[in-house]
Amino acid sequence: RAQLQEALILARERGDQWQETEVWDMLGRLGLKAGAFEEGARAIGRGAAIRERLGTQISPVNRARHAETVEELREALGAERYEEAFEAGKQGLT
């Protein structure tokens, strides 16, 4: 987690928002694996918000893993709690 936080800081310092979205997605996956499901969903939401602002999509190489992460987080939290956490992440409440 510390290395991903450092990568997030570096991406922000360089103004590399695309890389920032990738790190948020990795933090989402880490949240899933650590059992921190709401934190994971918020991280996924944060990455989604940045992608929306940039008008970009998830890189093709990461789409399957991202979809799997979202599905597993949704199953762990239930649809309503997932959406609440995801929207909080989109609003920057990570």
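Residues numbered from 1 in each chain as written. Predicted model: local features only at pLDDT ≥ 70, side-chain atom pairs only at ≥ 80, totals over all residues. Heavy atoms only, no water.

I'd like to hear about the overall build of the protein chain, residue by residue, with values.
Helix and strand content of the protein chain: five helices and zero strands. The order of α-helices and β-strands along the protein chain, N terminus first, is α-α-α-α-α. The burial tally for the protein chain puts 39% of its 94 residues in the buried class. For the protein chain, the proportion of contacts with a sequence separation of at least 24, taken over those separated by at least 6, is 64%. (Helix = DSSP H or I, 4+ residues; strand = E, 2+ residues; numbered from the N terminus. Buried < 20%, exposed > 50% of the residue type's maximum accessible area, 1.4 Å probe, protein only. Contact = heavy atoms within 4.5 Å.)

Give a description of helix H4 (residues 63–77) that names residues and reports values.
Turn by turn, an α-helix covers 3.6 residues, leaving residues three or four places apart pointing in a common direction. For H4, which comprises 15 residues, the first-to-last C-alpha distance of 21 Å matches the rise-based estimate of 21 Å (1.5 Å per residue) to within 8%. Taken together, the buried positions of H4 are His66, Thr69, Val70, Leu73 and Leu77. Viewed end-on, H4 has its buried residues packed into an arc of 95 degrees, placing them on one side of the element. Facing away from the buried side of H4 by more than 90 degrees, the exposed set consists of Ala64 and Glu75. Buried residues along H4 sit against helix H2 (17–34), helix H3 (37–54) and helix H5 (79–90). Phi for Gly78, located one or two positions after H4, is positive at around 90 degrees. (Expected span 1.5 Å × (residues − 1). Arc of directions from axis to C-beta.)

Report on the layout of surface pockets, specifying residues and quantitative values.
Considered as a void within the structure, the largest pocket measures approximately 170 Å³ in volume. Along its surface, the largest pocket is lined by Glu22, Asp25, Met26, Arg29, Ile44, Asn62, Arg65, His66 and Thr69. Every element with two or more residues in the lining of the largest pocket is listed here: H2 and H4. (1 Å grid on protein atoms, 1.4 Å probe; cavity = no way out; pocket = protein on both sides within 12 Å on 5 of 7 lines; lining within 4 Å. Points joined across faces, edges and corners; volume = space filled by probe spheres on them.)

Explain the pattern of salt bridges to me, and be specific about the residues and the numbers.
For the structure on display, the rule yields seven salt bridges. Residues Glu20 and Arg12 are paired through a salt bridge, measuring 3.2 Å at the closest nitrogen-oxygen approach. Classification of Arg12 by relative accessible area gives partly exposed; the value is 44%. As a salt-bridge pair, Arg14 and Asp16 come within 3.9 Å of each other at their nearest N and O atoms. For Arg14, a relative accessible area of 55% translates into the label exposed. Judged by relative accessible area, which is 26%, Asp16 ranks as partly exposed. (Salt bridge = Lys/Arg side-chain N within 4 Å of Asp/Glu carboxyl O.)

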